[in-house]
Every structure is written in C-alpha cells, then in structure tokens.
Amino acid sequence: MKNFTHLHVHTEYSLLDGFCRIQDLVKQAKKLGMNSLAITDHGVMFGVVDFYKQCVREGIKPIIGCEVYTAPRTLHHKDSKQDSNPGHLVLLAKDQEGYRNLMKIVSTGFVEGFYYKPRIDIDYLKGHSQGIIALSSCLAGDIPRAIMANNLEKARHLVQDYKDIFGEDYYLEVQDHGIPEQLKVKQGLALLSRETKVPLIATNDVHYVKKEDAKNHDILLCIQTATSVSDSNRMKFPGDEFYLKSREEMMDLFYDMPEAVDNSNIIAEKCNAELDFNTTHLPKFQLPPGEEDPKKYLSDLCYKGLAKKYDKVTEELTDRMKYELSVIDSMGYNDYFLIVWDFIKYAKDHQIMVGPGRGSAAGSIVAYSLDITAIDPIKYDLLFERFLNPDRVTMPDIDIDFCYERRQEVIDYVIEKYGHDHVAQIITFGTMAARQSIRDVGRSLDIPYGKVDKVAKEIPMEIGMNIQKAVKNNPNLAKMMGEDEEVDNLIEIAKSLEGLSRHASTHAAGVVISNKPLVEYVPLYRNNEVISTQYTMTLLEELGLLKMDFLGLRTLTVIRDAIENIRKNRDIEIDIDDLEYDDKNVYELISSGHTLGIFQLESAGMQKFMTNLKPDSFEDIIAGISLYRPGPMDSIPTYIKNKKNSENIQYIHPILESTLKVTYGCMVYQEQVMKIVRDIAGYSMARSDLVRRAMSKKKMDVMEAERQVFIHGELDDSGNITVEGALRRGVSEEQANKIYDQMIDFANYAFNKSHAAAYAVIAYQTAWLKKYYPIEFMAALLTSVMGNDKKVAQYIMNCKNMSINVLPPDVNESYEKFTVVGDKIRFGLAAVKNVGENAVQSIIAKREEKAYISFTDFYKRNDGKVLNKRAVESLIKCGAFDSLKVYRSQLMNVYEKIIDNINEDKKHKIEGQISLFQNMQESSIFRENLPDIEEFEEDMKLALEKEILGLYITGHPLKKYEKLLVNKVSLDSSMIDNQEELKEIGIKDGSTVTVGGIITQKKTC
C-alpha cells in the first residue's frame, strides 16, 4: 500500500488552536499505516522533542518542522498598520544543518522579530536556508494571499524569490477543506507550478486527530479566545475537515493532481534530521591566570576547603575526597563544580544569602569543602552516591536557594560571565486542570455559572486528581451525569481538554548554560523581556544541556533581615552559619509547638507533630521533615513510640542497628535503604543506589532479580564473587526476605536525607532566631509576607501571644518594612494600601531631615506628585498620624481642604519671592484649624484599619468573644485556602466545620 505523509500538522503546542495530543496523533498515524509524520506548530518548536520520541517509539519517522510567520516588510519593521498581519510559511528540516537553521529561524522570530507574532523575513531566510524544505503554506501564506487578491504577478515574484532561496526544496502547497477560496488558490498554484516548474505538495491542515474531534476543537478555540459558541464574531474553523486524513481520503480530494499527494513521500525521504540524546554540552569554566587544568584547580580548592572545615583532616576524610574527585573527573564534571562554586562565591562575596544546600548534593564532601553546601556529610552520614553515581550516568543536579530579593543578581552574573547567548531561563507550560477545564468549557457552552460551579466543586481538591478519577470515585458526580445530558456533555468535553497545554511561561528557577550559543542546541522563546528555551527542563537534560535551579527562598531573606534587625537594634553581629545545632532551649521551643514562622515546621499539623515528638537533637529535626509527608506519616507513631522506649526496639538482624539506630529502628531515608543493601548483602554503594531507584519506581522485574542477588549473591563469568549476598554474611533467607520486603514497602516513600538535613539547618536557624531574638525575627517575618493579609494577621496574632506589641504605621517612625522599635514592632509603610514606593521614600527622606510636627508640616514638606490625596487618606485611616496628637476623625474632616490650600500656595509661590506675610504663614502651619469633634468610635477605627491594612492592629472587634471562638471553631481563615494544611488536620471536601467571624455583607441570589 502506498504511503502518504502529513507535512502540515498542529499539535497541542499550537497553543491557540491545536488540539492534537502528541501521543494520540502518532498512534493514529500508525493506525492509518503511515510510516512518517511532520510537526509544524505555529511559530514554535515546543513539542518537537516529545513528538520525536513518540514517533521513534511507534516506529514512525519524525519530520521536524514549523509553520513560521513571515513579516510583510522586514522583521525589524513594527508598525500597527503595515506589520500586524504576517504571512505563513512551512519549513521542514532535512538534516542536522537544517535542524540547526530551523532553531535559529524560530528563535530569531521571537528574539528579534516579535510583533504580535514571532516573525522572520526573506533576508533572514536567505542566510539560513541550508538543509531546509519550504512549503508555501495555507490560505494565510503570502502566495495564496496574492492569488486571492488577484495579484498573480506578485505571486510569481514571490515564488521566484523562494525558489532562489530553497532551490529544489521549495514546494507549492495545495489544500482542500471545502473552503471556496482554496479552489481559486489551488488553480492559481497549479498554473504557477507549470510556469515555474516548482512542484506541488498536497497537505491537510491538521488541527485535531479525528473528524469527530471538530466539536471539541471548536470549544478549545472559544476558551483560548475568551468567547462562547453563541458569539457570531468569534474565531471559528470552517467545517470539520482539519483532521489526520488517510491516503485514500487525500487521493479523493486531489484525484486531479496525484503527484501532489505522492510528493509528500519524496519530501519525507529527504527529511532525516535526528535529535542527539547522547552528547553533553557542558560549558567550560574560565580558569584564573596561571591555572591550566580544571581537575587540578578543583582538587586544590577542595583540599583547602577541607582543611578549613575540619580541625583534623583524617584518612577517612581524604579517602572520601579522593573518591568523590575521581568520580567527578571520570564523569567529566570538573568544570560543572567550578561553575557552581564560582557563582555561589560571587553571591556570598556580595552578601547575597545562600541556602545550606538542597537535594542530594548535600551528600558530597566536595560540595561541602567548596562551600556549595553547609552540612557536614560525614557527621550526618550522607551518601555521595545518592547524588552522583558512576553506575548511573546522569547530569549532576545542584539546585541552590538564594535570598528571593537578590536571586536575579546571581543569574545576571552568570549571564554576564558566560555570555547572553550561552545562558537562558527555561520555559514551562500551564495546563488545563480538572476544575478549570470544567469551568472553561461551561462558559464556552453558555451553561449558567451556578450549574457549572456545582459540577466543578464535585471534583475533589487532591493532588493527582483528574476528571476521570473524580467520576469513578464520586458517586454524586456520576449521578449528575446520568440525570442531566447537559452535565454529561460538559464533563465529556472537559475531559477531552483536560491537561492540554494552555500557555507558556518562564520556569521560576531554571537556568540553562551551554558551551556554545544555545541556539545551536535549542530554539529560544521570548516572554516579555525574558529569553527562555522552548524545551522544558527535563527535555534539556535529555539533550545533554546543563540546567540548574536558582531558587528564591523567602526564608533566607527573613534570616538576612532578622540579622540586620539585630545589628541595628542591639549592635550585635550574628554569624548564622556558626551555630552548633545542639541548643536545648531551641529544641524546647520546637517541642512546645510554637513553630509559626519556623521553616518547614509551621503548619498546624507539623506543630502538633513536634509537640508529640519532643525533638531533642538535630537528627530528630531531619527525621521530622522527612516523615511528615503522605506515606511516611504512617511511621510517625512507631517513630515516637520507639524514641520514648528505645530499649524495646527490635531489629530483624543485628546488622541493621548501625543504620537504623539514628531513626529508632524505622526506615526513614533513601540513604538507609542503600546502606542496608550494602551492609546485609555486600553491594557497592553505586549499585545499591540502582536498587533503591528500582524500588522507588516499582520496577518489579528488576526488584525480583535483585532479590535473588540480595539473598544469594552474584558471581561473574569467571566464578568470582561480585556481590556476597545475605547468606554469606550470616543472615538467614527468611530474615533477608523480610528485610527486602520491608525495603520495597518503604522505598517508594523514603525521603532523601541529604535534602532533609540541609533544610533542617534552615529550620534550626529560624528556631534559634525566634528563641533568642523574637522581636527582630518576627519583624523580618512580617516584612516577608507584606501583601498577604492573612499571613500578616496570623503572624501579628503570634506576636501578641509572645507579648510583642505590633504598632500601627507612623509617619515619624515607620520605614518601608516592619521595623523594631525598642521592644515593639512598627508596621511598615509599604504595607499601607494606596501608598506607593515613591511616597514611602519621600516620607522617610523628609523625616530624616527633621521629624514631622503637624499634618500641615507633613504634607508641605512632601511632594504632592508622589503623595496624592488617596495615599494621605489611607495614612489617616490606619492611624499613621496618631502620634501627632490629632484624631483620625479630625483629619478625615479637613485633610482635603488643607491639601488644596498647600497646593494652591505652592502653585503661586515664585522662587526667590519674599511674601510680606511669610513669617506669619510659616508660623501658622503648626497651628492647624482642626474641627472640635470626638474621635471615631473604636469599631469605626478598627474598620478603617481593616480597610487599609487588610487586618486589625490596635484591637479586634471579636476580642470579647475570643475564648468562645477558640473553644468552638475548627477552621480559621489562615487555613481556608491551604489545601495541604486542611488535609494535615483531617479536613477534606464534605467535612463539617465550625467557623467564626463577622458578617460584613449579605447577598441574596
């Protein structure tokens, strides 16, 4: 049977109008007997790698392409009248050079030519046409447009231009979806083909996989264009012919030009571009003058660091260092470690807070000696092989936490050092979640909001939940579908759209660095002013590119601000990295459950856990962070019981005690699984990591094969023992099986101890600050959540419970952030609604010259352009002028008149002019004519504070009901939007809860 190759195909990554899920698309092509298929999304290459891998999996040749946008003039012209309607052109990569050129073309469209769409022009194509096949595209192509405009002469010129660029690899594309204009274009293209000898190519403009998908595709268009099916002026495809057609269907459409159909196979044979998943593209670290060998330079840095970290460098330490360095060198990662060391050094040299570590990198003594991490891997028994395994060749992955306010400075340093074209951030895609999919489809179908909302709320708010699971597990939802055809239709359409990529954005932390300009390996994308890759993080790693996570961690900024508060308030310098983690007062604080604001330990459930656990060592904090997750939570009662009765702990075999003693006989960490495999059966640490991975991924065939090795050992071809096995080490087969089963049960949930230990450092540091410097710490904590009214209110309540008074904003004392004033905390001006940054800076600057002594004095000395009436009103309402001994009611009564008078005075005052009454005026500014009225009632003052600050400061209207509320309420506002916290305390969809509050408004439906 003859083949046909679809060469004009839009997947879900044509984000506006593509409805082809890649897996479904490729499977359908295989079902239709096709042996090759192209991807040509609108202006992007987002889906290329996934498409390529799926095609290879199904035995279909992948053809990499893109339907690019052509600028009416040049890619640099950006005029709304002349340049806002670009044409289309389909480009396909013939070979590796073509693939590289295609990436450059697509990247340039975004980086240089973006104007409504990512555009390129003929001049750019001329320089990047090698290895590329071009098709004239659909009705939106430049040549079809010229034909429809009856301008055949222009069409001829364009054909010749493209023929000059692409030579024999240029084709005129004919389509037939039953659209009248296509018949005219088809005839015109046939004529041009005869005249110019440019061959024809028949395509179908594929936007969905099967014909019956047209309806759901139409709903997708409504969602993406924010319209509904009833909107007559909306974007809509004519007909239902935009699907993956068979060869027979294509021949029926183009019976009069069969060569156009067969040319698809000729083009497919030309296209042989392949993706390379076997080569790494690590950047080189620029060594300082006099250094020539990165291996030696790294080694020298490590041994210098080792001597600083340890009072005595033992043989154990040097052996561990030698081993790690040898593995790093053999895997080719010397430059990688130097790159990470360098930008962390830059951060620390510039007083940018850096976290103690993250992930498995904390298990490396090399990372510890280089100050990449701050947790001793020897002291806490952390394993290097969990991070870098010579038997598991993967890219190293060191993710770093930075102060979230200054993280970008580190990224900018890396960009500057390695080149703007060698560094980029990484794309990520937002997808349609279950509830949102139902809401979007309901809106598009014009179903009443109340009805749609009722259906959406039947989808449980759980991680991993989808519509199919919800229908299966929620009888009420299934009942609604059975009783109401409209609901059934809504659910079925939503199910078909759920999980589709909806929009592209920039990954919050990911950065990629390469040895050559990135565009040699990956297409680039522009999101506002941020340049990112068009491939996601995992795909970049598969393609051999180095990615790192530069994460902004709010808690590091809290620690920084707390230390600065301590320095200013107490004149004490704190070295937070110099703590010993053995202060019993800190553990008493944690054990009390008063852990609000303490990193990783502040949720309601964690507070309860810490109260029960009563941690008294750093190992307890590490274990607590590791256990408090779904799965391991089941071991918490056993852990607590064994901690309190350690003499009753029983081990299946005594060998286990050395590994499990630190966690009271419980398996908690992945590293423990690895050590048990080593200690019981004699595995190497590298191989034990492979077993651990197989268990965590539930690879049953691998696990059962390894069970036999674990018990009986393994010999090589020469009969030499490579793995001793449990039996040779004195462990019975019954014991070995029991241990192995226990590891399998737990390995899926076991946590990475290296990561938990690094985060336990931050937990301890924040607990230490809260214990010894509570005022300074809470001020920093409040600053970190400005803008989140619920969190600010929660922390202020915590301050009150700690007998720390939080004062309202004050024009003579407040700074931008929350600040320490003696033994109190003063509210920050930046948290006052309607008062912008420039206004805050002006208030502070003028006050530092001389304190304000009246409202008139305040306004006269500040710039009315940055401090408008709305801002002044907000300051009055929240009590920022109370210290000037005036009532809020008085100022609210006359502030506009005072401001108008001052502005009028400024307007008429000419520089250098001396008024006859100047002295009289200057003295009068301190004697304001305020009305003789009473201050607002307390409830009114509190209401104004709530309006402007988002919370009550000087009191609370429910204060007299506090005991009643504490005893009766089971859910408060600080938890209501936090699904994880609700789950922790046992509240889920359908639970009955008791809430307390104030009714501020009543609505009737």
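Cut-off values and rules
- Residues numbered from 1 in each chain as written.
- Predicted model: local features only at pLDDT ≥ 70, side-chain atom pairs only at ≥ 80, totals over all residues.
- Heavy atoms only, no water.
- UniProt positions renumbered as here; feature names shortened; annotations may be inferred.
- Salt bridge = Lys/Arg side-chain N within 4 Å of Asp/Glu carboxyl O.
- Helix = DSSP H or I, 4+ residues; strand = E, 2+ residues; numbered from the N terminus.
- Buried < 20%, exposed > 50% of the residue type's maximum accessible area, 1.4 Å probe, protein only.
- 1 Å grid on protein atoms, 1.4 Å probe; cavity = no way out; pocket = protein on both sides within 12 Å on 5 of 7 lines; lining within 4 Å.
- Points joined across faces, edges and corners; volume = space filled by probe spheres on them.
- Contact = heavy atoms within 4.5 Å.
- Pairing = 2+ DSSP bridges.
- Axes fitted to C-alpha atoms, helices over the stretch in contact; angles between N-to-C directions.
- Core = buried A, V, L, I, M, F, W, Y, C linked by side-chain atoms within 4.5 Å.
- Phe/Tyr/Trp six-rings, centres within 6.5 Å; stacked < 30°, edge-to-face > 60°.

If you look the protein chain up in an unreviewed UniProt entry, it shows as DNA-directed DNA polymerase from Alkalibaculum bacchi. One UniProt comment on the protein chain, placed under Catalytic activity (unreviewed entry), says "DNA(n) + a 2'-deoxyribonucleoside 5'-triphosphate = DNA(n+1) + diphosphate".

A. Local environment of the pattern of salt bridges. Applying the stated rule across the entire model yields 61 salt bridges. A salt bridge links Asp262 to Arg247; its shortest N-O distance comes to 3.1 Å. Of this pair, Asp262 sits in helix 10 (residues 258-270) while Arg247 is found in helix 9 (residues 247-253), placing the two residues 15 residues apart along the sequence. Glu873 is paired through a salt bridge with Lys877; the nearest N and O atoms lie 2.8 Å apart. Of the two residues, Glu873 and Lys877 are both situated in helix 37 (residues 869-877); the distance of four residues between them amounts to about one turn of the helix. Residue class for Lys877 comes out buried when judged on its relative accessible area of 8%.

B. Quick peek at empty space enclosed by the protein. Applying the stated criterion across every chain, the model contains three cavities of 30 Å³ or more. Reported here for the largest cavity is a volume of approximately 60 Å³. What lines the largest cavity is simply Ser137, Cys138, Leu139, Pro144, Glu173, Val174, Gln175, Gln182, Val185, Lys186 and Leu189. If you list the elements that add at least two residues to the lining of the largest cavity, you get strand 6 (170-174) and helix 7 (180-196).

C. How the structure looks around the environment of Val821. The topology assignment puts Val821 in strand 17 (residues 819-821). Between the alpha carbons of Val821 and Val806 there is a distance of 9.7 Å; along the sequence they are 15 residues apart. Excluding residues that lie within four positions of it along the chain, Val821 makes contacts with Glu813 and Arg826.

D. Layout of the sheet that holds strand 18 (residues 824-826). Ordered by their spatial adjacency, three strands build an open sheet running 16-18-17, and the pairing between neighbours is mixed. Edge positions in the sheet fall to strand 16 (805-807) and strand 17, since each of these pairs with one other strand and no more. Put simply, the sheet's adjacent strands are angled 35 degrees from each other on average, direction ignored.

E. The environment of Asn101, seen in detail. Tracing the backbone shows Asn101 in helix 3 (residues 96-111). For Asn101 and Ala433, which are 332 residues apart along the polypeptide, the C-alpha to C-alpha distance reads 36 Å. Leaving out residues up to four positions away in the same chain, Asn101 has contacts with His128, Ser129, Gln130 and Ile132.

F. Representation of unusual backbone geometry. Phi at Ala226 takes a positive value of approximately 55 degrees, unusual for a residue other than glycine. Residue Ala226 is classed as exposed on the basis of its relative accessible area of 60%. Notably, Tyr664 is not glycine yet its phi reads approximately 55 degrees, a positive angle. Relative to the assigned elements, Tyr664 resides in the loop between helix 27 (657-660) and helix 28 (670-681). On the accessibility criterion, Tyr664 (15% relative accessible area) is buried.

G. Local environment of the nonpolar core. Phe337 and Phe343 are the most contacted members of the largest nonpolar core, which totals 163 residues. Val26, Val49, Tyr99 and Leu524 belong to the second largest nonpolar core, which has 85 residues in total.

H. Looking closely at the packing of aromatic side chains. Tallied over the full model, the rule gives 37 aromatic pairs. For the pair Tyr52 and Phe277, a centre-to-centre distance of 6.1 Å together with 50 degrees between the ring planes defines the contact as tilted. Of this pair, Tyr52 sits in helix 2 (residues 48-58) while Phe277 sits in the loop between helix 10 and helix 11 (294-309); the two residues are 225 residues apart in sequence, bridging distant segments of the chain. Note on Tyr52: relative accessible area 10%, which makes it buried. A relative accessible area of 29% places Phe277 in the partly exposed class. Judged by centre distance (6.2 Å) and plane angle (70 degrees), the rings of Phe384 and Phe387 are edge-to-face. The exposure class of Phe384 is buried, given its relative accessible area of 1%. Through successive ring pairs, a cluster of aromatic residues spans Tyr13, Phe46, Phe110, Phe114, Phe429 and Tyr525.

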